[in-house]
Amino acid sequence: MLNVLRVHLPSDIPIVGCELTPYVLLRRPDKTVTTDDVTEISPLDGHFLRYKWYRVQSDKKVAVCSVHPSEQATLQCLGCLKAKIPVSKSYHCTPKCFSDAWQHHRVLHDRAASAVNENGNEEEEVFGRFNNSGSGSINTTLSSSASSTSLTNGNVYPATVSQRNGGETWFEVGRSKTYTPSADDIGHVLKFECVVVDAETKLTVGHTNTILTSRVIPAPSPIPRQLIPVDTMGSLDDRRITSSGTFTVLSYNILSDSYASNDLYNYCPSWALSWPYRRQNLLREIVGYRADIICLQEVQSDHYDEFFAPELDKHGYYGLYKRKTNEVYNGNINTIDGCATFFRRDRFSHVKKYEVEFNKAAQSLTDAMIPTTQKKNALNRLVKDNVALIVVLEAKVNNQPIDNPGKRQLLCVANTHVNVHQDLKDVKLWQVHTLLKGLEKIAVSADIPMLVCGDFNSVPGSAPHALLAMGKVDPSHPDLAVDPLNILRPHSKLIHQLPLVSAYSSFARTVGLGYEQHKRRMDSSTNEPLFTNVTRDFIGSLDYIFYTADSLVVESLLELLDEESLRKDTALPSPEWSSDHIALLAEFRCCKNISRR
């Protein structure tokens, strides 16, 4: 007969909006062991599994800390209530928690007050785009009352209630193996039941297996990051944050699940590091930025197909993807990561796609330059599976392509991840140079604005950054000392003709007192952000958005994070931010009409 051997949950803390799928280990009638589901429509040996989920509600009302959502709150900020900030953001677990978070927390008050002054609709303006589904609903969900019916996870059925001792009531909330906690579950324990059922009699057979979860917590949401207008002539207050005829570009390394190990990021709670949580948090953040073009790095192949492509499609995006090659990788091919570029279907149409495989370029290079006896060693050094995705888009007018085919507004967007080991400085620089030479060929064929986005794993001042930002590398640059294959010689060839400028360097050229706080988050010696990657072992800038300055103008930039925003006692990823990188976003305007005949 079918037997349930073991039931457990992959995460110890359930979070609003994140699927809970218990691990159910079964022994089949033939004594084999499996984790495959056995449903009523496909019974096994006349038996199937029945699942039920319950919400355990207590007479005791519970609120959770807004900073440490796995902890119960003991105090509340009354200033939040007066400012009409969502009540869930007002709770703290200890006085120290509130004190440590104050510099970060008071931004909520300032922005709420500012939003009221501007348009009188503070919650929508400050929180509406980034809020999680649990925000603002603590007061109602802590009530012990319940309606007579429940609409949960797509099913409507009478709420099953059975009173227990100690003032607890169980409300049935789900009848499938997977359950997604809702805002109504915040502060409550969930109970999962699994039992074998006779397919003919519909009677249960054997023992009912149960699990009780920890209390459901709201998905932590970071402080919204605002678009800051860039103005090199006027004042901050005189500029509009968004302008008609502009477009926004987001670049974000989202941290592949295959790299997000508990050993590497042991400072991040395991529930916040789990993919079911991170994918929902990342999606909420990405969609909240409302970018017209999205360049993502470290997107696993299966996650692109099964999650990001279908989910972003619901929000009006069309996606293109390039998986890394797998000469080096020996694991599951579906978990290989790559670069994904999305664009709004109502703003752009897809014209052309170019795929750059640096492994192929490495093979061509060794065939042309490396002696036969050294080819194997050369390929071992050069072949790293990295790729770049280049997409040519055409802007639409009034949701339609421009009628005049002789004058098309085109845009070329390159998206790459140069994740080469720091000791291989020659390989890193060679990859960046190879990408730029490919973009030069596109520029020759069409007078077209260009964006070069990605994680280059290169700090400001390094040779790859110099090549991108300055168009050349000084022959005396220390990075050029590492070149055992002589692939960087002559050094005079390390140039390109694209007028590339780093978008975030625009902050360094702004004027007015309003920009001082943003300039403090920049490195004055390099004009780049102080950091875009923050872990326990490293803090610095690795991610950039470059643009061709002869055809594009920066209108505004997504504000940079400071150390207060990231909490002094942690690094990334964290419950609030689900990658070890931070997202960069720039708003551009074309400064000339681009013709292509």
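Residues numbered from 1 in each chain as written. Predicted model: local features only at pLDDT ≥ 70, side-chain atom pairs only at ≥ 80, totals over all residues. Heavy atoms only, no water.

Trainee: Mind showing me how you'd approach the overall build of the chain here?
Mentor: Counting its regular elements, the chain contains twelve helices and 30 strands. Across the 597 residues in the chain, those meeting the buried criterion constitute 53%. For the chain, the exposed surface amounts to about 26,600 Å²; the carbon and sulfur share of it is 49%. (Helix = DSSP H or I, 4+ residues; strand = E, 2+ residues; numbered from the N terminus. Buried < 20%, exposed > 50% of the residue type's maximum accessible area, 1.4 Å probe, protein only. Areas by Shrake-Rupley, 256 points an atom, 1.4 Å probe, with all protein chains shown as cover.)

Trainee: How do you make sense of the side chain of Asp337 when you look at a structure like this?
Mentor: Along the chain, Asp337 falls in strand 17 (residues 337-344). Classification of Asp337 as buried rests on a relative accessible area of 3%. A distance of 2.6 Å separates polar atoms of two side chains, one belonging to Asp337 and the other to Tyr259. Excluding residues within four positions of it along the chain, Asp337 makes contact with Ser256, Tyr259, Glu298, Val299, Gln300, Tyr321, Arg323, Lys324 and His417. (Polar contact = N/O pair within 3.5 Å; in protein donor to acceptor, adjacent residues only side chain to side chain. Contact = heavy atoms within 4.5 Å.)

Trainee: Please clarify how the packing of aromatic side chains should be interpreted in this entry.
Mentor: Think of a pair of aromatic rings as described by two things: how far the centres are apart, and how the planes are tilted against each other in angle. In total, this model carries 19 aromatic pairs according to the counting rule given. Ring geometry for Tyr318 versus Phe343: centroids 5.5 Å apart, planes at 50°, classification tilted. Taken as a pair, Tyr318 in strand 16 (residues 317-323) and Phe343 in strand 17 lie far apart in primary sequence, 25 residues in all. Put simply, the rings of Tyr51, Trp53, Tyr179 and Phe192 touch in pairs and so form one group of aromatic residues. (Phe/Tyr/Trp six-rings, centres within 6.5 Å; stacked < 30°, edge-to-face > 60°.)

Trainee: Is there a simple way to explain the layout of surface pockets in this structure?
Mentor: Gaps left between atoms show up when a probe the size of a water molecule is rolled over them. Within this model, the second largest pocket holds a volume of roughly 860 Å³. In terms of lining residues, the second largest pocket is bounded by 39 residues, among which His417, Asn419, Val420, Gln422 and Asn457 are the most central. Its residues assigned to classes, the lining of the second largest pocket shows 13 nonpolar, 14 polar and twelve charged. (1 Å grid on protein atoms, 1.4 Å probe; cavity = no way out; pocket = protein on both sides within 12 Å on 5 of 7 lines; lining within 4 Å. Points joined across faces, edges and corners; volume = space filled by probe spheres on them. Nonpolar A, V, L, I, M, F, W, Y, C, P; charged D, E, K, R; others polar.)

Trainee: Please explain the packing of helix 8 (residues 358-369) against helix 9 (residues 375-382) as it appears in this structure.
Mentor: Angle between the axes and distance between the axes: these two values describe a pair of packed helices. Relative orientation of the contacting elements helix 8 and helix 9 amounts to 150°, with a least axis distance of 10 Å. The angle between the axes of helix 8 and helix 9 places the two elements in the roughly antiparallel class. When the axes of helix 8 and helix 9 are compared, the crossing they make is right-handed. Judged by residue contacts, Ala362, Gln363, Leu365, Thr366 and Asp367 of helix 8 engage Lys375, Ala378, Leu379 and Leu382 from helix 9. Residues that form the contact of helix 8 with helix 9 fall into these classes: five nonpolar, two polar and two charged. (Axes fitted to C-alpha atoms, helices over the stretch in contact; angles between N-to-C directions. Parallel < 35°, antiparallel > 145°, perpendicular 65-115°, else oblique. Left-handed = near helix turned anticlockwise from the far one by under 90°.)

Trainee: It is not clear to me how the pattern of salt bridges should be interpreted in this structure. Could you clarify?
Mentor: Where charged atoms of side chains with opposite charge meet at close range, the side chains can pair. One pass over the structure, following the stated rule, counts 21 salt bridges. The closest approach of N and O atoms between Lys191 and Glu193, which form a salt bridge, is 3.4 Å. With a relative accessible area of 9%, Lys191 lands in the buried category. Lys353 is the salt-bridge partner of Glu355, the closest N and O atoms lying 3.0 Å from each other. Looking at Glu355, the relative accessible area reads 44%, which means it is partly exposed. For Lys353, a relative accessible area of 30% gives the class partly exposed. Through salt bridges with shared partners, one network takes in Lys322, Lys353, Glu355, Glu357 and Lys360. (Salt bridge = Lys/Arg side-chain N within 4 Å of Asp/Glu carboxyl O.)

Trainee: Would you take a moment to explain the sheet that holds strand 3 (residues 33-34) for this structure?
Mentor: The pairing of strands in a sheet happens through backbone hydrogen bonds and is either parallel or antiparallel. With antiparallel pairing, three strands are arranged side by side in an open sheet as 1-2-3. Either end of the sheet is taken by a strand with one partner, and the two such strands are strand 1 (3-8) and strand 3. Pairing between strand 1 and strand 2 (residues 23-27): five bridges, direction antiparallel. Across the sheet, Val4 pairs through a bridge with Leu26, a residue of strand 2. (Pairing = 2+ DSSP bridges.)

Trainee: What is the right way to look at the sheet that holds strand 29 (residues 552-558) in this model?
Mentor: With mixed pairing, seven strands are arranged side by side in an open sheet as 13-29-30-14-15-17-16. Where the open sheet ends on each side, the last strands, each with one partner, are strand 13 (227-229) and strand 16. Across this sheet, the average inter-strand angle for adjacent strands is 25°, counted without regard to direction. Relative to strand 15 (residues 293-300), strand 14 (residues 247-253) is paired through five bridges, and the arrangement is parallel. Bridging across to strand 15, Leu250 finds its partner in Ile294. Helix-sheet contacts for helix 6 (residues 275-289) involve strand 14, strand 15, strand 29 and strand 30 (584-590), and the interaxial angle to strand 14 is about 160°.

Trainee: Explanation requested: the packing of helix 8 against helix 10 (residues 425-445) in the structure shown.
Mentor: One can describe the packing of helix 8 onto helix 10 by two numbers: an axis separation of 11 Å at closest approach and a directional angle of 100°. By the angle class used here, helix 8 and helix 10 are roughly perpendicular. Taking contact as the criterion, the partners of Phe358, Ala361, Ala362 and Leu365 in helix 8 are, on helix 10, Trp430, Gln431, Thr434 and Leu435. Split into classes, the residues belonging to the contact of helix 8 with helix 10 amount to six nonpolar, two polar and no charged.

Trainee: Before we go on, may I ask you to explain the nonpolar core in this structure?
Mentor: Within soluble globular proteins, side chains that are nonpolar generally end up buried alongside one another. Core analysis: the biggest nonpolar cluster contains 78 residues, and Phe247, Ile286, Ile293, Leu296, Phe342, Leu451 and Phe588 have the highest contact counts within it. Broken down by element, the residue count for this core peaks at six residues, all from helix 6. Contacts of Phe342, omitting those with residues within four sequence positions, involve Asp292, Ile293, Ile294, Leu296, Tyr304, Phe308, Ala309, Leu312, Tyr317, Tyr318 and Gly319. Among the nonpolar cores identified, the runner-up in size contains 43 residues, and Leu410, Val427, Leu435 and Phe546 belong to it. (Core = buried A, V, L, I, M, F, W, Y, C linked by side-chain atoms within 4.5 Å.)

Trainee: Can you walk me through the pairing of strand 11 (residues 189-198) in this structure?
Mentor: Every regular strand shows the same layout, with side chains that alternate between the two sheet faces. For strand 11, the tally of buried residues reaches nine of ten residues, placing the bulk of the element in the interior. Inspection of the sheet shows strand 4 (residues 47-58) paired to strand 11 by ten bridges, in the antiparallel sense. Among the inter-strand pairings, Tyr54 is bridged to a residue of strand 11, identified as Lys191. As judged from the seven bridges shared by strand 11 and strand 12 (residues 204-215), these two strands associate in the antiparallel manner.

Trainee: How should I be thinking about helix 6 in this particular structure?
Mentor: Along an α-helix, residues three or four apart share an orientation, since each turn contains 3.6 residues. Compared with the 21 Å implied by 1.5 Å per residue over 15 residues, the 21 Å span of helix 6 between its first and last C-alpha is a close match. Burial analysis of helix 6 places eleven of its 15 residues in the buried class, which makes it a mostly covered element. Inspection of helix 6 places Trp275, Tyr277, Arg278, Arg279, Asn281, Leu282, Leu283, Glu285, Ile286, Gly288 and Tyr289 among the buried residues, and these make up the whole buried set. The secondary structure elements touched by the buried residues of helix 6 are strand 14, helix 5 (270-273), strand 15, helix 7 (301-314), strand 29 and strand 30. Among the residues trailing helix 6, Arg290 stands out with phi positive, at a value near 55°. (Expected span 1.5 Å × (residues − 1).)

What is shown is where atoms sit, not what they do.
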